[in-house]
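# Notes for the structure review
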Amino acid sequence: MKHKDELGRRGEQLAAEYLERAGLRILDRNWRCETGELDIVALEQRVLVVCEVKTRSGVRYGSPLEAVSHSKRLRLRRLAATWLAAQGLGFDEVRIDVIGLVRNRTGEFTLEHVRGVG
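Since we're looking at a predicted model, the values are computed, not measured. Per chain, the residues get numbers from 1 upward, laid out in the order the sequence is written. Whole-chain, interface and lining totals are the exception, using all residues; otherwise, since this is a predicted model, local features are given only for residues with pLDDT of at least 70 and side-chain atom pairs are given and counted only at 80 or more. Hydrogen atoms and water are omitted, and side-chain values are computed over all heavy atoms in the structure.

Spacing of three or four residues puts side chains on the same side of an α-helix, whose turn is 3.6 residues. Put simply, DSSP H or I for four residues or longer makes a helix, DSSP E for two residues or longer makes a strand, and each gets a number counted from the N terminus. Here, expected helix span is obtained from the residue count minus one, scaled by 1.5 Å. The terminal C-alpha atoms of helix α2 (residues 70–87) lie 26 Å apart, and with 18 residues this matches the ideal 26 Å at 1.5 Å per residue to within 8%. Summarising the contacts, the buried residues of α2 are in contact with β1 (25–33), β2 (36–44), β3 (47–56) and β4 (94–103). Trailing α2 by a residue or two, G88 shows a phi angle of about 70°, which is positive. The contact criterion used is simple: two residues touch if any of their non-hydrogen atoms lie within 4.5 Å.

Quick look at the structure:
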């Protein structure tokens with residue numbers, strides 16, 4: 001497995017654990033369809049939360065949160081609708097969140113969670 005893929009998997013695992021500790025229930029992880037992928041789909045009370053996870057080994061090329069552009073947020077919203085249709089579910093509220101993780105030189109991660117980006 002490539003180092004970048006390993007870093008991404010570790011970041012997604014840490015993000016899922018963080019969300020569970022925060023009281024969210026994970027419904028799906030790494031859900032794929034022909035138009036893209038959702039990293040984490042979770043439930044926070046009565047709100048469906050689609051969470052994009054970005055993990056970096058440094059900030060030389062910007063923070064992980066900066067990697068989620070406006071067009072990416074719009075695509076996540078469309079993917080959320082596709083996920084809902086595939087599951088046969090409906091929610092009054094769907095929220096798009098981003099979790100950015102940065103691994104420092106000692107191997108520890110810092111995590112930043114931004115709610116409602118799109």
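Okay, back to it.
The next subject is the nonpolar core. Take the buried residues of types Ala, Val, Leu, Ile, Met, Phe, Trp, Tyr and Cys, join any two whose side-chain atoms come within 4.5 Å, and each joined set is a nonpolar core. With a 1.4 Å probe rolled over the protein chains alone, any residue whose accessible area is under 20% of its type maximum counts as buried; one over 50% counts as exposed, and the rest are partly exposed. A15, L19, I40, C51, V53, I99 and L101 are the most contacted members of the largest nonpolar core, which has 13 residues in total. Going through the elements one at a time, α1 (3–21), β2, β3 and β4 are the ones with two or more residues in this core. Those residues within four positions of L19 in sequence are excluded, and the remaining contacts are L24, I26, I40, C51, I99 and H113. Core analysis: the second largest hydrophobic core is formed by twelve residues, L48, V50, L79 and W83 among them.

Time to look at the pattern of salt bridges. Salt bridge criterion: a side-chain nitrogen from Lys or Arg within 4 Å of a carboxyl oxygen from Asp or Glu. In total, this model carries six salt bridges according to the counting rule given. Across the pair R95 and E44 runs a salt bridge whose closest N-O atoms are separated by 2.7 Å. Placement of R95 in strand β4 and of E44 in strand β2 is noted, with a sequence separation of 51 residues between them. Here R95 ties to D97 by a salt bridge, and the two come within 2.8 Å at their closest N and O atoms. The burial state of R95 is the same as that of D97; both residues are buried. Each of the salt bridges in this network shares a partner with another, and the network as a whole consists of E44, R95, D97 and R115.

Turning next to the side chain of D97. As for its position among the elements, D97 is in strand β4. Assessed through its relative accessible area of 0%, D97 is described here as buried. At a separation of 2.8 Å, a polar atom in the side chain of D97 contacts the side chain of R95. Pairing of N or O atoms within 3.5 Å defines a polar contact, subject to two protein rules: one partner must be a possible hydrogen donor and the other a possible acceptor, and residues neighboring in sequence count only if both atoms are side-chain atoms. A distance of 2.8 Å separates the side chain of D97 from the side chain of H113, its partner in a polar contact. Once residues lying within four places of it in the same chain are set aside, the contact partners of D97 are V49, V50, C51, E52, H113, V114, R115, G116 and V117.

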